Structures are given as structure tokens and as C-alpha cells.
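Observations on the model geometry
Listed here are the chains, written in short residue letters.
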Amino acid sequence: MKRICVLGLGYIGLPTALLLASSGFEVVGVDINRKIVENLKNGILPFSEPGLEELFAKAHKNFEAEEKIEPADIYLIAAPTPLDKYVDVPDMKYVKSALESIGSVLEPGNLVILESTVPVGTCERFVIPILEKSGLRAGEFHFAYCPERAIPGRTLYEMVHNDRIIGGIDRTSAEIAGEVYSSFVKGSIYLTNVRTAEFVKLIENAYRDVNIAFANEIAQIAEELGINVWEAIELANKHPRVNILRPGPGVGGHCIPIDPFFLVSNSLRSRLIPLAREINDQMPNYVLKKVKEMLLGLKDPTITVLGVAYKGNVDDTRETPALKFIKLAENEGFRVKVHDPLVRNFEYPLLSLEEAVKDSDCLVVITDHDVFRDIKPEEVAKLMRNRNLFDARNLLNHEKWRKAGFRVRVIGDGSSL
Ligand code: SAJ
């Protein structure tokens, strides 16, 4: 049985490690965070994701969590590469320390896989030289760049069913890595070179960012023209080659607001991609402008933010547009109360629904959690000071809320004319 060491047990590393373990590999999962390792040893998962508990139970006998690297045949790095906002390039410290620890145990014939998102050229100019400090030359060990593509909320399903792109430093590396992934991937596996694989990952997420920016821009144009953008998008999407995404309060998560910077930071040619970033980043300001219009003239307004996760039905708040919205609203003198039944940790106190709506003047839906659809407008209405609802996701049943006495506005609904 081949032994794999997975470095980084976060949202990507842990599910990948467990899928490999349940496919018959002997897997050592390594994380520098002692708490994560201790919890895993005691059977506690660090985050929730559909199917993860069941997979953990199944994979348990082939999986162990450790704080330090152990010799293996294959090393897979799934460490974060967060954006350093001063220089618009990724902070490579976690990947670097993973590479250095691999260098200390690397043997001829081993395979090293990097999954973390990086700018094009990083593997050639940064990753391989660190591994070569082991004394081995690339070729004596194998190396492949295999970007992840799974979407939070459906991570396990997508890790198994999505097609996969694998870039090798040579054909043998790509083929060996392909065999590793084929142990659990049911989608097709496509082999290419390292640079192309790095580029593909970045353009996928930039593509999504640009498309969301398009939806956000037309929501604002529709608003100016007195048109309901939701009806307009539905009608436009009847065209066989049009598929417009959903406007919203902005783009969050650990990938889409960040990866486009990796793509454009050294380019003199990029215009559309940075502009899309700017449009999406301005959406919390736009939502606040609309909420202010709704509450014009009200003294000492209190608003209730429904949802701080970066998107619906996940507990993840990384880069959430909710944080920017809350800070901007506080700067305008609003008192802000926050409710999110899925999120466990956040910069602001997380209140129960009753506490969050008590004496509030306006509910602002920032995250499209399905559970918010079950909120009973009549019960909330009794607790509020004023009955206003701004739905920045077009999530709720607005008729029901209007019947309960709420004044309702939806992002892009064109009702301000
Ligand atoms: N959003 C909208 N309108 C939409 C769709 C999304 O405002 O129509 C917002 C969401 O609310 C969220 C943000 O965009 O704040 C991003 O959400 P998402 O669901 O589009 O993507 P992520 O960040 O959860 O996952 C993305 C995925 N990439 C693509 O779809 C191209 C996933 O496949 C990647 O694996 C992941 O990034 C990653 O790790 O790179």
C-alpha cells in the first residue's frame, strides 16, 4: 500500500486526505495547527461539509493526523496561499515551510503534488528550487501541480465528480499524479504542463468573478432605469447562449476575490479582470446606499444583518462582503446587529434571531442561507421598531413579508424611480 503525506488539513487538504485514505492509500495528514490535529485524533472534524463525517468514519483506519511530516512515497501540499494585500501577491510562507519539510525527507522516485493556488511560474521559480535543496534534481523526484476545483458546500461531491487538470514537470510526473487522483476521481483527468495548469486554475476563478461583476453592474443599471433586473435576467437567460449569474452584495470566499490578483499582478495587458474586482468590491457600498435610502430621515437607526457567511449554506466567513458592509454601516452611524445560524466565529457578536431583530429598523439579507426562508415575518414584525427589509440576495418570499407589514426592497428591483 502506498503512503501519502498530505500537508495542510483545511477545507481542501482534509477532504482530499480522507478520499485518498478511503481509496486504499495509507494517509498521514499533517497540520501545524495543534488543535486541528488533536481534534482529529479524538474524532472531531475542524469544519462541516456535507458527507465529511461519514467519509471520516469510513477512512479512519487508513488515516492518521500528525503535527510533523513523516516519510512517504507521495507528498501532497494543500496549504493556503492568502493574498498579501500590500503587494497583491500570495503569501507563500505556508507552502514554503511545507516544501522545506518535504525536502528533509525526500527520496528519489517520490512524487510531490502542489494543490494550492499560485501565480503562473511559481512552481518553476519557487517550488522546484526549494525541493532541489534536498540534493535531488527535479526528474529524480516527480512533481505535479494539481489545482483543486471543488466548491465549498459540495466539496466532496465535486472532488469526486469534477474533471481534473494535472500539470507535470514532465510526462511521467503528470501520469503518476494522474494515477493517484484516478483512485477517487470519477470525472476525466487531463494532463498538461505545470504552467498551463497554474494558468487554468486562475482563469477559471477570474471567469466567475467577471461574470458575477456583469450581473452586479446590470443590477445597478437596471435600478437607474426603473427595471427589475431579476425579471430581466430570467428573460435574457431564455436565450440559448446567455447565462447571467445572480447580482448580490459582493463576492467573498478564499478564492474568487483573490485569485484574479494572482493573474494580473505582473500583467500590463489586463483591464477587464481588475475592473470586475473593483465592481464586486463596491457592492457592499451599493447595498448600504440602498439601505440608507430606505431609512432616510430615521433617527439612530438599527439594522439587522442576516447572514455573514460569504455565501449561502456554508459556515465560512473568509473575505465575506458582510464584514465590509457592517463596517461601512457603522461608519455611517448605524447600530448593527448580526444573526447567522451557521457561522460559529465572527468579528462581531452573533446573536439569536430574536435578539438580532429586537428594536431593529431594517433587516438586510446578506447571505442566501436556505434557513432564512423559514423565518416567520409576523413573529419578527412584533419585535422590530420599524418594518423594513432589504434583500441583497433576492432570497425571501417578498409577498409574505409585505403581508406582514414590511416595506421590501430587493437589490436591482428598479423601484427607486
Ligand atoms: N456569487 C454571487 N452571484 C452568483 C454566484 C456567486 O454573488 O451568481 C458570490 C457568492 O455569494 C460568493 C462568491 O460569489 O460570495 C463566490 O462564490 P462561488 O459559489 O461562486 O465560489 P466559491 O468561492 O465558493 O468557489 C469557487 C469555485 N470556482 C468556480 O466556480 C470557477 C470553485 O469551483 C473553486 O474550487 C473555488 O472557488 C476555489 O477554491 O478556487
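Before reading on, note that the structure itself is shown above.
What counts as what
Residues numbered from 1 in each chain as written. Predicted model: local features only at pLDDT ≥ 70, side-chain atom pairs only at ≥ 80, totals over all residues. Heavy atoms only, no water. Helix = DSSP H or I, 4+ residues; strand = E, 2+ residues; numbered from the N terminus. Rg over C-alpha atoms; globule rule 2.2 N^0.38 Å. Buried < 20%, exposed > 50% of the residue type's maximum accessible area, 1.4 Å probe, protein only. Patch = residues over 30% accessible without salt bridge, like charges linked within 9 Å, V, L, I, M, F, W, Y side chains within 5 Å. Areas by Shrake-Rupley, 256 points an atom, 1.4 Å probe, with all protein chains shown as cover. Salt bridge = Lys/Arg side-chain N within 4 Å of Asp/Glu carboxyl O. Pairing = 2+ DSSP bridges. Axes fitted to C-alpha atoms, helices over the stretch in contact; angles between N-to-C directions. Contact = heavy atoms within 4.5 Å. Core = buried A, V, L, I, M, F, W, Y, C linked by side-chain atoms within 4.5 Å. Polar contact = N/O pair within 3.5 Å; in protein donor to acceptor, adjacent residues only side chain to side chain. Lys, Arg positive; Asp, Glu negative; His and termini not counted. Charge placed at Lys NZ, Arg CZ, Asp CG, Glu CD. Phe/Tyr/Trp six-rings, centres within 6.5 Å; stacked < 30°, edge-to-face > 60°. Near = heavy atom within 4 Å. Nonpolar A, V, L, I, M, F, W, Y, C, P; charged D, E, K, R; others polar. Parallel < 35°, antiparallel > 145°, perpendicular 65-115°, else oblique. Left-handed = near helix turned anticlockwise from the far one by under 90°.

Per the secondary structure count, the protein includes 16 helices and 15 strands. For 417 residues, the compact-globule formula gives about 22 Å, and the C-alpha radius of gyration of the protein, at 24 Å, lands near that figure. Its C-alpha atoms give the protein principal-axis dimensions of about 70 × 50 × 40 Å. Taking all 417 residues of the protein together, 53% fall into the buried category.

A separate point is a nonpolar patch on the surface. A surface patch of nonpolar side chains, amounting to about 350 Å² of accessible area, comprises Y86, V87 and V89. Structurally, the position occupied by V89 is in strand β6 (residues 89–90). On the accessibility criterion, V89 (30% relative accessible area) is partly exposed.

Moving on, we get to the sheet that holds strand β10 (residues 189–193). In space, the 8 strands of this open sheet follow the order β3-β2-β1-β4-β7-β8-β9-β10, with mixed pairing throughout. A strand with exactly one partner marks an edge of an open sheet, and here the two such strands are β3 (63–66) and β10. Each adjacent strand pair in this sheet contributes to an overall mean axis angle of 25°, direction not counted. By the bridge criterion, 4 bridges tie strand β1 (residues 3–7) to strand β4 (residues 74–77) in an arrangement that is parallel. By the bridge assignment, L7 is partnered in β4 with I77. Docked against the sheet, helix α4 (residues 93–103) engages β1, β4 and β7 (111–114), running at close to 170° with respect to β4. Along the sheet, helix α8 (residues 194–225) contacts β8 (142–145), β9 (164–168) and β10; its crossing angle with β10, the most-contacted strand, is approximately 120°.

Counting 55 residues, the largest nonpolar core has V291, I303 and F406 as its most contacted members. The element that contributes the greatest number of residues to this core is helix α12 (residues 283–294), accounting for 6 residues. Apart from residues no more than four positions distant in its own chain, V291 is found in contact with I303, F325, F334, C362, V364 and F390. Judged by nonpolar contacts, the second largest core, of 41 residues, contains V6, A78, A144 and I166.

With that settled, the discussion passes to the side chain of D316. Position of D316 relative to the elements: it lies in the loop between β11 (302–306) and α13 (321–331). We classify D316 as buried; its relative accessible area is 3%. At 2.8 Å, the side chain of D316 and the side chain of R318 are in polar contact. Beyond its immediate chain neighbours, meaning those up to four positions away, D316 contacts Y11, A309 and Y310.

Right, let's get into a negative patch on the surface. Residues E354, E355, E378 and E379 make up a contiguous surface patch of negative charge. Secondary-structure elements contributing two or more residues to the negative patch are α14 (353–357) and α15 (377–383).

This part covers the pattern of salt bridges. Within this structure, the stated rule accounts for 27 salt bridges. E67 serves as the salt-bridge partner of R34, at 3.3 Å between the closest nitrogen and oxygen. Placement of R34 in helix α2 (residues 34–41) and of E67 in the loop between β3 and β4 is noted, with a sequence separation of 33 residues between them. A salt bridge links E223 to R409; the nearest nitrogen and oxygen atoms lie 2.7 Å apart.

So, on to the packing of aromatic side chains. On inspection of all chains with the given rule, the structure shows 5 aromatic pairs. Relative to F63, the ring of F56 lies with its centre 6.3 Å away and its plane at 75°, an arrangement referred to as edge-to-face. For the pair F56 and F63, one class covers both residues: buried.

In the vicinity of the ligand there are 21 residues, among which E148, K201, R208, C255 and Y310 approach most closely. K311 places a polar side-chain atom, nitrogen or oxygen, 2.8 Å from an oxygen atom of the ligand. Considered class by class, the residues forming the shell around the ligand number 9 nonpolar, 4 polar and 8 charged.

So, about the sheet that holds strand β12 (residues 335–339). Taking strand neighbours across the sheet as the criterion, the 5 strands line up as β12-β11-β13-β14-β15 in an open arrangement whose pairing is parallel. Edge positions in the sheet fall to β12 and β15 (407–410), since each of these pairs with one other strand and no more. Direction aside, the axes of adjacent strands within the sheet are offset by 20° on average. Pairing of strand β13 (residues 362–365) with strand β14 (residues 388–391) involves 3 bridges; the strand directions are parallel.

This part covers the packing of α8 against helix α11 (residues 272–281). Closest axis-to-axis distance for the α8/α11 pair is 8 Å, and the angle between their directions is 55°. Overall, the two elements α8 and α11 adopt an arrangement that is oblique. Viewed along their axes, α8 and α11 form a crossing whose handedness is left-handed. For the pair α8 and α11, contact is made by A206, D209, V210, I212, A213, N216 and E217 and by L272, I273, A276, R277, I279 and N280, respectively. Across the contact of α8 with α11, the residue classes tally to 8 nonpolar, 2 polar and 3 charged.

Right, let's get into unusual backbone geometry. Although it is not a glycine, N313 sits at a positive phi angle of roughly 65°. Topologically, N313 is positioned in the loop between β11 and α13. A relative accessible area of 39% means that N313 is categorised as partly exposed. Even without a glycine there, the phi angle at D359 is positive, about 60°. On the accessibility criterion, D359 (42% relative accessible area) is partly exposed.

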